[in-house]
Amino acid sequence: MHFLSSRSSARTLALLALVASLLVPAQAEKSLARLQEPGTILLLRHALAPGTGDPPGFSVEDCSTQRNLSDAGREQARALGERLRAAGIEEARVFSSHWCRCLETAQLLDLGPVYPEPAFDSFFQRRQEGDARTRAAREFLSRLPPGPPVVVVTHQFNIRALTGESTASAGGWLVRVSPQGEVESVGPLR
């Protein structure tokens, strides 16, 4: 039986840490590059907007009444746009919830025009709308014609309803949607 010296073990661990640090960004870019595969869609949670839900009496038409992106959230959105471009996604069809934090995230990605779509609006404070909103999102996604990659900026509740998975701010899931509206998870955005 061969035993490694502590010096040899330390070198081996350092080498493994170096290899891991090089692989993680490569894996992240590989997961983003999957967005170029026909039929793959990125469901993206808006970037960091401190708090939960929206204040009482908020209005979707008035950003000053909503929970909005912080400076860190704006930086998250810009950085994600840069990561997408580094992975070869120069432009995309970008759809968004009407909530200001989603629209701003979508715009800061800088991947093309942003199209507000009610199917992706939040139902956090209107849970009774969840089933109908999720059904509308599935129908919308299943009818998308072939074309450039698709990025949808929405809310955690919407992503969970579509995928069964939660995600952090500026996180997301890559999915495929069948013509019948079945959502298949391809994997998390890394």
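See the structure printed just above.
Remember, predicted model here, so these are calculated numbers, not experimental data. (Residues numbered from 1 in each chain as written. Predicted model: local features only at pLDDT ≥ 70, side-chain atom pairs only at ≥ 80, totals over all residues. Heavy atoms only, no water.)

*Asks:* So what's going on with helix H5 (residues 156-163)? Residues and values would help.
*Replies:* Asn158, Ile159, Leu162 and Thr163 are the residues of H5 that are buried. Summarising the axial view, the buried residues of H5 lie within an arc of 110°, below the 170-degree limit, and thus occupy one face. (Buried < 20%, exposed > 50% of the residue type's maximum accessible area, 1.4 Å probe, protein only. Helix = DSSP H or I, 4+ residues; strand = E, 2+ residues; numbered from the N terminus. Arc of directions from axis to C-beta.)

*Asks:* How would you sum up the state of the cysteines? Please name residues and give values.
*Replies:* Scanning the model with the defined rule gives 1 disulfide in all. One disulfide in the model links Cys63 with Cys100; its S-S distance is 1.9 Å. One quick way to see it: the torsion about the S-S bond of Cys63 and Cys100 is about -85°, and its sign makes the bridge left-handed. Remark: Cys100 occurs in helix H3 (residues 100-109) and Cys63 occurs in the loop between strand E1 (40-45) and helix H2 (71-86); sequence separation between them is 37 residues. (Disulfide = S-S within 2.5 Å.)

*Asks:* Which residues make up empty space enclosed by the protein, and what are the values?
*Replies:* Empty pockets left among the atoms are what a rolling probe the size of a water molecule brings to light. Taken as a whole and judged by the stated rule, the model has 1 cavity of 30 Å³ or more. Put simply, the largest cavity is a space of about 30 Å³. Every residue lining the largest cavity is listed: Ala119, Phe120, Phe123, Arg133, Thr134, Ala137, Asn158 and Leu162. Only helix H4 (130-142) and H5 provide two or more residues apiece to the lining of the largest cavity. Counting residues per element, the lining of the largest cavity draws most heavily on H4, which supplies 3 residues. Per-class residue counts for the lining of the largest cavity are 5 nonpolar, 2 polar and 1 charged. (1 Å grid on protein atoms, 1.4 Å probe; cavity = no way out; pocket = protein on both sides within 12 Å on 5 of 7 lines; lining within 4 Å. Points joined across faces, edges and corners; volume = space filled by probe spheres on them. Nonpolar A, V, L, I, M, F, W, Y, C, P; charged D, E, K, R; others polar.)

Shape is all these values report; function is a separate question.
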